[in-house]
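Each chain, letter by letter, is given below.
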Amino acid sequence: MKNPPQIAILGAGIFVRTQYIPRLAEITDLVVLKAIWSRTEESAGGAVEIARKIFPEVECKWGDSGLDEIIQDSSIVAVAVVLAGQTQVDMSMKLLKAGKHVIQEKPAASSISEAEAALSSYNSTFGALPGHPIWAVAENYRFEPALVESKKLVGEIGEMMSVQLIVEGSMNSSNPYFSSSWRRNFTGGFILDMGVHFIAGLRMLVGCEIQSVSAFCSHVDTSLPPPDNISSVFQLENGCSGVFVMVVSSKSPKVFWRVIGLKGTVQIERGNSDGKHGYLVSLYTSDEQSKCSFYPFSGVTEELKAFISDVSQATLKKGSSFEAEPRCSFVEGARDVAVLEAMLESGTRHGALVQVKRF
């Protein structure tokens, strides 16, 4: 691409070093990484050292002065906010009001109330003005090829009868995120932080919203913040019901979605094939035939490509109305949070039926 957009990353933690920098390295023809910022010089410098192998001119920024330099740098048109979940919304709003396009890591917000306040501020600031800054949420599950293809297959199995989402996580002391302080101090803990991924996949797969939930929570593994287990039943707007079970730390990790229809069943299960991590997608039809395909993970790359494409288009059409990729929208991310917050609320009320907040 001629004159690809220049972006900055706020944050220099595990996900920036192991995902953002390597994934941006795959699309150097589409984007230039101009700066990485963190609160301290040491933290920013560690990430910059990795990034300079691919982006030799990337600048190291830290502290309040470094953040101000990024905000005031007109050549930086977009910023990836990859910070502690409790601080991301405020930082995103600061950047948006400065005219930067923003892709903010999930979860979209720490609570429904924070999401509502943020959306209200964004809409009151920009309203219906054409060419307003893009506010995206980085939810890579909406871009995973396995889930994108499975959504098409769900359309082939007839009327939906039941939905299952089972998650047995591997959040133990060997996981790099296990000691993450912000996740441990997050309302909902790992259930909310990890769970939004799976709810995002579920919502996309079934093609309609979750209307109401009833859930029970427990705290069994005391090395994890509460709750670390949740079992929920939910009802979709189309009348179909389903179950969501999540165990934060299991000795036998497993993730699968299963949609059962009148004419067949679609199942997506995490696994490995030829040394690659991804999902095995299976379609079982009423004539007892089955079809299986494996899709390696590539959601982070695909979501970044979508955001960068949107930024490039918005720059070309500056001052004109522009429709950004809907899968990246902050509202979509807020809907994921709303489902989990309803489940967690139901858990504190011993399984009481809770309506999911609409966005």
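Residues numbered from 1 in each chain as written. Predicted model: local features only at pLDDT ≥ 70, side-chain atom pairs only at ≥ 80, totals over all residues. Heavy atoms only, no water.

A look at unusual backbone geometry
Note: most peptide bonds trans; most residues except glycine with negative phi. At the junction of K106 and P107, the peptide bond is cis and its omega measures out at -5° in the coordinates. Along the chain, P226 connects to P227 via a cis peptide bond; the corresponding omega equals -15°. Its location among the elements puts P227 in the loop between β8 (210-218) and β9 (229-236). For D274, which is not a glycine, the phi torsion comes out positive at approximately 50°. In this fold, D274 is placed in the loop between β12 (264-273) and β13 (276-285). The exposure class of D274 is exposed, given its relative accessible area of 78%. (Helix = DSSP H or I, 4+ residues; strand = E, 2+ residues; numbered from the N terminus. Buried < 20%, exposed > 50% of the residue type's maximum accessible area, 1.4 Å probe, protein only.)

Quick word on the environment of V79
Turning to its location among the elements, V79 is positioned in strand β4 (residues 76-81). You can call V79 buried: its relative accessible area is 1%. Linking V79 and I134, residues 55 residues apart in sequence, is a C-alpha distance of 10 Å.

Points about the pattern of salt bridges
The tally for this structure, following the rule as stated, stands at 18 salt bridges. K61 is the salt-bridge partner of E59, the closest N and O atoms lying 3.4 Å from each other. For E59, a relative accessible area of 29% gives the class partly exposed. One salt bridge in this structure joins R142 and D336, with 2.7 Å as the shortest N-O distance. Pair noted here: R142 is in the loop between β6 (135-138) and α6 (145-154) and D336 is in helix α10 (residues 330-348), with a separation of 194 residues, a long-range link. One network of salt bridges, in which partners are shared, links R142, R203, E209, E332, R335 and D336. (Salt bridge = Lys/Arg side-chain N within 4 Å of Asp/Glu carboxyl O.)

Concerning the packing of aromatic side chains
Considering all chains together, one arrives at 9 aromatic pairs under this definition. With 5.6 Å between their ring centres and 85° between their planes, Y141 and F198 make a pair best called edge-to-face. Within this pair, whereas Y141 is found in the loop between β6 and α6, its partner F198 is found in helix α8 (residues 189-206), the two being separated by 57 residues in sequence. For the residue pair Y141 and F198, the accessibility class agrees, reading buried in each case. Ring centres 5.7 Å apart and planes at 65° place the aromatic pair W257 and Y279 in the edge-to-face group. Of the two residues, W257 sits in strand β11 (residues 249-261) while Y279 sits in strand β13, which places them 22 residues apart along the sequence. An identical accessibility class is assigned to W257 and Y279; each is buried. An aromatic cluster of at least three residues, connected via ring pairs, comprises Y141, F198, W257, Y279 and F297. (Phe/Tyr/Trp six-rings, centres within 6.5 Å; stacked < 30°, edge-to-face > 60°.)

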